[in-house]
Amino acid sequence: MSPGYVTRLLHLALLAPDITQSIAAGEHPVDVTPTRLMQELPLPLDWAEQRRVLGMG
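As the structure is a prediction and not an experimental result, all values here were calculated from the model.

1. Observations regarding the overall build of the protein
The secondary structure content of the protein amounts to four helices and zero strands. When the backbone C-alpha atoms are referred to their principal axes, the protein occupies close to 30 × 20 × 15 Å. Across the 57 residues that make up the protein, the buried fraction comes to 21%. For the protein, the share of sequence-separated contacts (at least 6 apart) that also reach a separation of at least 24 residues comes to 65%. Total accessible area computed for the protein in this model is approximately 3,900 Å², and 61% of it derives from carbon and sulfur atoms. Computed over 4 positive and 6 negative side-chain charges, the inter-centroid distance for the protein is 5 Å.

Right, dumping it as structure tokens:
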């Protein structure tokens, strides 16, 4: 794995818990895909802003 890929994965660890739970349960908007998540990185640290950016708020 490249350092850049590891960095992107670490950014995903900072997702709001409810976003992570929604994705795991399959209850997320259809346009919130792995590709889109990687393109949006780094996401804001503020969880409310993450929800806004991903259309989950």
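There is more to say after this.
2. Description of the nonpolar core
By size, the foremost hydrophobic cluster in this structure holds nine residues: L15, A16, I19, V32, L37, L41, L43, L54 and M56. Apart from residues lying up to four places away in sequence, I19 is in contact with Q50, R51, L54 and M56.

3. Section: the packing of helix α2 (residues 17-25) against helix α4 (residues 47-54)
Running from amino to carboxyl end, α2 crosses α4 at an angle of 40 degrees, the nearest separation of the two axes being 9 Å. Relative to α4, α2 is oriented oblique. Residues P17, D18 and I19 of α2 touch α4, and the partners they reach there are W47, Q50, R51 and L54.

4. Overview of the environment of E40
Relative to the elements of secondary structure, E40 occurs in helix α3 (residues 34-40). Judged by relative accessible area, which is 29%, E40 ranks as partly exposed. Taking the C-alpha atoms as reference points, E40 and V53, 13 residues apart in sequence, are found 8.3 Å from one another.

5. Overview of the environment of S22
Following the sequence through the fold, S22 ends up in helix α2. C-alpha separation for the pair S22 and L43, spaced 21 residues apart in sequence, amounts to 17 Å. Aside from chain neighbours lying at most four places away, what touches S22 is E27, H28 and M56.

How each quantity is defined
Residues numbered from 1 in each chain as written. Predicted model: local features only at pLDDT ≥ 70, side-chain atom pairs only at ≥ 80, totals over all residues. Heavy atoms only, no water. Helix = DSSP H or I, 4+ residues; strand = E, 2+ residues; numbered from the N terminus. Buried < 20%, exposed > 50% of the residue type's maximum accessible area, 1.4 Å probe, protein only. Contact = heavy atoms within 4.5 Å. Areas by Shrake-Rupley, 256 points an atom, 1.4 Å probe, with all protein chains shown as cover. Lys, Arg positive; Asp, Glu negative; His and termini not counted. Charge placed at Lys NZ, Arg CZ, Asp CG, Glu CD. Core = buried A, V, L, I, M, F, W, Y, C linked by side-chain atoms within 4.5 Å. Axes fitted to C-alpha atoms, helices over the stretch in contact; angles between N-to-C directions. Parallel < 35°, antiparallel > 145°, perpendicular 65-115°, else oblique.

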